[in-house]
Amino acid sequence: LDAFEDEYMEEDVVVGDEGEGEEHARRLIEADMEAETLSNTRVQDPRRNAKGGELDFDPRAYRMLHRLGSDWPCLSFDFVRDAGGGGRTRFPHALLAACGTQAVGDANRLTLLKLEGLGRLEQDSDDDGSDESDDDDDRHADATADHVAFGHPGGVNRVAACERAPGLVATWSDRGAVLVWDARPECEDE
């Protein structure tokens with residue numbers, strides 16, 4: 001007995017002449033495939049929920065929220081260690097990140113991002129507000145984004161930043177090559 005065998009397997013029994021049975025079986029298979037295609041066909045809009053309503057975020061779930069766009073998808077990124085150290089809790093935040101694109105043709109890039117002034121998300125305060133003691137200047141800092149881009153041979157499948165030598169970044173290309181980039185001069189401007 002096979003452990004992965006389906007106990008309730010359905011089979012269509014076709015009775016009749018050889019030619020008639022094959023045609024009937026072909027029609028049954030086509031009908032099953034069409035029904036499966038129709039039942040699985042659904043257009044997904046990432047801005048709408050299952051009920052058709054517009055999706056929105058709940059600001060109470062976030063301390064900080066910033067949006068950043070790019071010309072091409074960047075499906076892999078890594079944070080580059082900087083002089084600020086880990087465990088930062090005070091606003092505004094700053095960070096260095098490396099990301100790689102999956103573009104068409106020769107438009108692929110390895111991009112180093114320097115984001116500064118990432119402030120706290122403003123909350124509508126219905127409570128007494130006594131639990132927050134941060135400066136109001138921290139909440140209203142203007143965020144800035146600087147970047148340096150390097151041409152990359154092929155799409156970037158994976159980006160990894162070296163923790164021991166900030167600015168050394170490795171990429172894995174969709175052409176099967178692993179490349180190491182020395183971006184230490186760009187990271188030292190920190």
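Now for a look at the structure at hand. (Residues numbered from 1 in each chain as written. Predicted model: local features only at pLDDT ≥ 70, side-chain atom pairs only at ≥ 80, totals over all residues. Heavy atoms only, no water.)

## Describing the overall build of the protein chain
Next up, step 1: Counting its secondary structure elements, the protein chain contains three helices and seven strands.
Next up, step 2: N-terminal to C-terminal, the α/β element order of the protein chain is α-β-β-β-α-β-β-β-β-α.
Next up, step 3: Sequence-distant contacts in the protein chain: of pairs separated by 6 or more residues, those separated by 24 or more amount to 55%. (Helix = DSSP H or I, 4+ residues; strand = E, 2+ residues; numbered from the N terminus. Contact = heavy atoms within 4.5 Å.)

## Details of the pairing of strand β6 (residues 168-173)
Next up, step 1: Judged by which residues are buried, β6 turns out to be one-sided: Val169, Thr171 and Ser173 face inward and are buried, whereas Leu168, Ala170 and Trp172, on the alternate face, are not.
Next up, step 2: Where strand β5 (residues 156-161) lies against β6, five bridges are found, and the strand directions are antiparallel. In the strand pairing of β6, Val159 is matched with Thr171.
Next up, step 3: Between β5 and β6, which pair antiparallel and follow one another directly, the connecting turn spans six residues, one of which, Gly167, has a positive phi of 110 degrees. (Buried < 20%, exposed > 50% of the residue type's maximum accessible area, 1.4 Å probe, protein only. Pairing = 2+ DSSP bridges.)

## Section: the sheet that holds strand β7 (residues 178-182)
Next up, step 1: Spatially, the three strands line up as an open sheet ordered β5-β6-β7, and their pairing is antiparallel. Each edge of the sheet is formed by a strand with only one pairing partner; in this case those strands are β5 and β7. The average angle at which neighbouring strand axes cross in this sheet is 20 degrees, direction not considered. (Axes fitted to C-alpha atoms, helices over the stretch in contact; angles between N-to-C directions.)

## Some remarks on the pattern of salt bridges
Next up, step 1: Counted under the stated rule, the structure contains four salt bridges.
Next up, step 2: Residue Arg81 pairs with Glu163 through a salt bridge whose shortest N-O separation is 3.7 Å. Residue Arg81 is found in the loop between β1 (76-80) and β2 (93-100), and its partner Glu163 is found in the loop between β5 and β6; the two are separated by 82 residues along the sequence.
Next up, step 3: A relative accessible area of 49% means that Arg81 is categorised as partly exposed.
Next up, step 4: On the accessibility criterion, Glu163 (57% relative accessible area) is exposed.
Next up, step 5: The partner of Arg88 in a salt bridge is Asp82, and the shortest N-O contact between them spans 2.2 Å.
Next up, step 6: Of the residues examined, Asp82 reaches a relative accessible area of 14% and is grouped as buried. (Salt bridge = Lys/Arg side-chain N within 4 Å of Asp/Glu carboxyl O.)

## Some points on the sheet that holds strand β4 (residues 144-151)
Next up, step 1: Strand order in the open sheet formed by four strands is β1-β2-β3-β4, with antiparallel pairing between adjacent strands. With one partner strand each, in any of the chains shown, β1 and β4 form the two edges of the open sheet. Taking the axes of each pair of neighbouring strands and ignoring which way they run, one obtains an average angle of 20 degrees across the sheet.
Next up, step 2: Two elements, strand β3 (residues 109-118) and β4, share eight bridges in a ladder whose sense is antiparallel. If you follow Leu110 over to β4, its bridge partner there is Phe150.

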